[in-house]
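Chain by chain, the residues:
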Amino acid sequence: MTRRNFGPVGIIDIGSNSVRFVAYGGTARVPSVLFNEKVMAALGRGLAQDGRLDERAMRTTLESLARFRQLGREMGLKKLHAVATAAVRDAENGPAFLKEIAALGLKPRLLSGAEEAELAGLGVISAIPRANGIVADLGGGSLELIGVARGMTGDAISLPLGVLRIGASPSGSDLDTAIKVGLRNAGRLADAARGQGLYCVGGSFRALARLDLLTLGHPLPMVHQHRFLPKRLDDLRGILKLTAPDELKRMTAITASRIPTLPAVVTMLEAMMEVLGPKKVIVSAFGLREGLLYRDLDEATRRQDPLLAAALEVGERLGRFGDHGAALEQWLAPLFPDDSSELQRLRLATCLLGDIAWNAHPDFRAERAVDMAIHGNWVGIGDHGRAVMGRALCAAFGGDGGFDAKLSALLRPGEEERLIAWGKALRLAQRLSGGTEALLRKTQVGLRGDRLVLTIPGKYRLLYSEPVERRFNQLAKALDRRPDICFA
């Protein structure tokens, strides 16, 4: 399912607002971030005034790039992508600046607006495979819009509406007009989000989502797949107006240089909602950089489920005797025939992670498992899915009373009891088999009327110990069944 020996691969992203270096490892389908450093150089700040890159920003960028190149060498990167976007593309002195970068030994690819849009779209597709609508990538120098549907990108435009160009207090009606004018010659893009999704990419949108989550008191303030509600935009504008920048930084950890641009981001988001008419507005943590990696994948790897690919890699790396999550899921599936397709997918992901906390202190295994399920760098999943996996793994590692009530509130009515049963089934399977796949496959568990039946071949009857019996009885109680052991 996963592609081995991926990475380390690096990307240097020379943006209009920030310059960032990210090194990736792990699996090709869902790379893990090994290193991530950002410098808020604000290359595009001078474009609105004189059409040129700011001299101080260029010096800061060159110093950062020299450091990033050295870091990449020491990391032994197999490949280093370097790209430059709107600020360098549009600036009068952009070509001269590229020559200075080349003198450092880097050869960044200067992306066109269409390429920038395509990569942002592919980044969203990699994390949200069923994305349908428009991806909006808001940077310091430009706004890219591109249609996405059925795992493919469509028509695209690039508009000079980056946060460093529109100013601190842009007119909403002016932005409406600029977006409408840009859409006139963009094919079917104008209607792509109507009644569908608007997927927001870029640090400005992520910062605004973080502010939204934290001021709402959300129990899991992770920006990926956070959904902006239109009625919240006025609230966010008020919070930004009434809260001092230092206090905002303390509350949210948003960088000081980004905070002054957030009121303009609210206005931009309102304008896009007005013009594009989406049914939902969702933030994606994946964008251009992840799109670069996704574009290089073969079709079979692209089709992998990003959540399951990542869970398999983590489970295989942290498990005791190699991965056997798929076998665990097959073993316990007969106990939950009514699980929806969504729950079946989350159940498989949970099973792939079913051995991740074995080396923690026994008193804290449940805590470790919940932390990884809730706070892991997963994509293709929202806060509900994280809560599902966390609750099940809490029970799997014996933490029956230790799951956070605020996280339980993210579950759907009546779901918690089922997830506890998932966990107890996992707990039984691991005790019965000693955490090994071969022994697990020699046994079966199923439902027969009001009975929970565990079948073990006669020659393996010694597998049924007192600790196994105790866990079998606990599972039977969770399923409201009578335990029945059968030595076939």
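Quantities reported herein were computed from a predicted structural model and do not represent experimental measurements.

Quick look at the packing of helix 2 (residues 55-75) against helix 4 (residues 94-103) now. Helix-helix packing: each pair is described by the crossing angle between the helix axes and the interaxial distance. Running from N to C, helix 2 and helix 4 cross one another at 25 degrees; their axes reach a closest spacing of 10 Å. As summarised for this structure, helix 2 and helix 4 are arranged roughly parallel, according to the angle between their axes. As for how helix 2 packs across helix 4, the hand of that crossing is right-handed. Contacts between helix 2 and helix 4 pair Met58, Thr61, Leu62 and Leu65 from the former with Phe97, Glu100 and Ile101 from the latter. Residue classes in the contact of helix 2 with helix 4 are distributed as five nonpolar, one polar and one charged.

Taken together, the three strands give an open sheet; going across it, the order is 12-13-14, and neighbouring strands pair in mixed fashion. Pairing within the sheet leaves two strands with one partner each, and these edge strands are strand 12 (444-448) and strand 14 (482-487). The average angle at which neighbouring strand axes cross in this sheet is 25 degrees, direction not considered. As paired strands, strand 12 and strand 13 (residues 451-456) are joined by five bridges and run antiparallel to one another. Counterpart to Val445 in the pairing with strand 13 is Leu454. Of the strands in this sheet, strand 13 and strand 14 touch helix 22 (residues 466-478), which is tilted by about 135 degrees from strand 14.

A few words on a negative patch on the surface. A cluster of acidic residues, Asp50, Asp54, Glu55 and Glu100, forms a negative patch on the protein surface. As for its position among the elements, Glu100 is in helix 4. Given the relative accessible area of 40%, Glu100 is considered partly exposed.

Right, let's talk about the pairing of strand 9 (residues 197-201) for a bit. For strand 9, the tally of buried residues reaches five of five residues, placing the bulk of the element in the interior. The alternating pattern of strand 9 places Gly197, Tyr199 and Val201 on one face and Leu198 and Cys200 on the opposite face, and all of these are buried. Looking at chain direction, strand 9 and strand 11 (residues 280-283) are connected through four bridges and run parallel. Paired with Tyr199 across the bridge in strand 11 is Ile282.

A word on the domain arrangement of the protein. Often, the extent of an interface is quoted as the loss of accessible area upon association of its parts. Assigned domains within the protein: domain 1 (9-111), domain 2 (114-290) and domain 3 (305-487). A separation of 38 Å is found between the C-alpha centroids of domain 2 and domain 3. Contact residues are listed per partner, giving ten residues for domain 2 and 13 residues for domain 3. Taken over both partners, the interface formed by domain 2 and domain 3 buries close to 880 Å², and the fraction arising from carbon and sulfur atoms is 74%. Viewed at the interface, domain 3 and domain 2 are joined by zero salt bridges. Tallied by class, the residues present in the side of domain 2 that touches domain 3 amount to six nonpolar, four polar and no charged.

A word on the pattern of salt bridges. Any two side chains of opposite charge can pair, so long as their charged atoms come close to each other. A full pass over the atoms with the stated rule returns 27 salt bridges. The partner of Asp296 in a salt bridge is Lys79, with the nearest N and O atoms 3.7 Å apart. With Asp296 in the loop between helix 12 (288-295) and helix 13 (299-302) and Lys79 in strand 4 (residues 79-84), this pair connects stretches of sequence that are 217 residues apart. Taking the relative accessible area as the measure of exposure, Lys79 reaches 43% and is therefore partly exposed. Of the charged contacts in the structure, one is a salt bridge between Glu329 and Arg347, with a shortest N-O distance of 2.5 Å. With Glu329 in helix 15 (residues 325-332) and Arg347 in helix 16 (residues 341-352), this residue pair connects regions lying 18 residues apart in the sequence. The burial state of Glu329 is the same as that of Arg347; both residues are buried.

Let us now look at the UniProt feature "domain: Exopolyphosphatase C-terminal" (unreviewed entry) in the protein. The positions UniProt marks with the feature "domain: Exopolyphosphatase C-terminal" (unreviewed entry) are residues 323-482. In the segment residues 323-482, helix accounts for 53% and strand for 8%; the C-alpha atoms at its two ends are 31 Å apart.

Next up on the list: the environment of Val223. Relative to the helices and strands, Val223 resides in the loop between helix 8 (203-216) and strand 10 (227-228). Here Val223 falls in the buried class, since its relative accessible area comes to 15%. Remark: the alpha-carbon pair of Val223 and Leu208, spanning 15 residues in sequence, is separated by 9.1 Å. Other than its neighbours up to four places away in sequence, Val223 contacts Arg206, Ala209, Arg210, Leu213 and Val283.

So, how was this worked out
- Residues numbered from 1 in each chain as written.
- Predicted model: local features only at pLDDT ≥ 70, side-chain atom pairs only at ≥ 80, totals over all residues.
- Heavy atoms only, no water.
- Axes fitted to C-alpha atoms, helices over the stretch in contact; angles between N-to-C directions.
- Helix = DSSP H or I, 4+ residues; strand = E, 2+ residues; numbered from the N terminus.
- Parallel < 35°, antiparallel > 145°, perpendicular 65-115°, else oblique.
- Left-handed = near helix turned anticlockwise from the far one by under 90°.
- Contact = heavy atoms within 4.5 Å.
- Nonpolar A, V, L, I, M, F, W, Y, C, P; charged D, E, K, R; others polar.
- Pairing = 2+ DSSP bridges.
- Patch = residues over 30% accessible without salt bridge, like charges linked within 9 Å, V, L, I, M, F, W, Y side chains within 5 Å.
- Areas by Shrake-Rupley, 256 points an atom, 1.4 Å probe, with all protein chains shown as cover.
- Salt bridge = Lys/Arg side-chain N within 4 Å of Asp/Glu carboxyl O.
- Lys, Arg positive; Asp, Glu negative; His and termini not counted.
- Charge placed at Lys NZ, Arg CZ, Asp CG, Glu CD.
- Buried < 20%, exposed > 50% of the residue type's maximum accessible area, 1.4 Å probe, protein only.
- Domains from an automatic or database assignment.
- Buried area = accessible area lost by both parts, 1.4 Å probe.
- UniProt positions renumbered as here; feature names shortened; annotations may be inferred.

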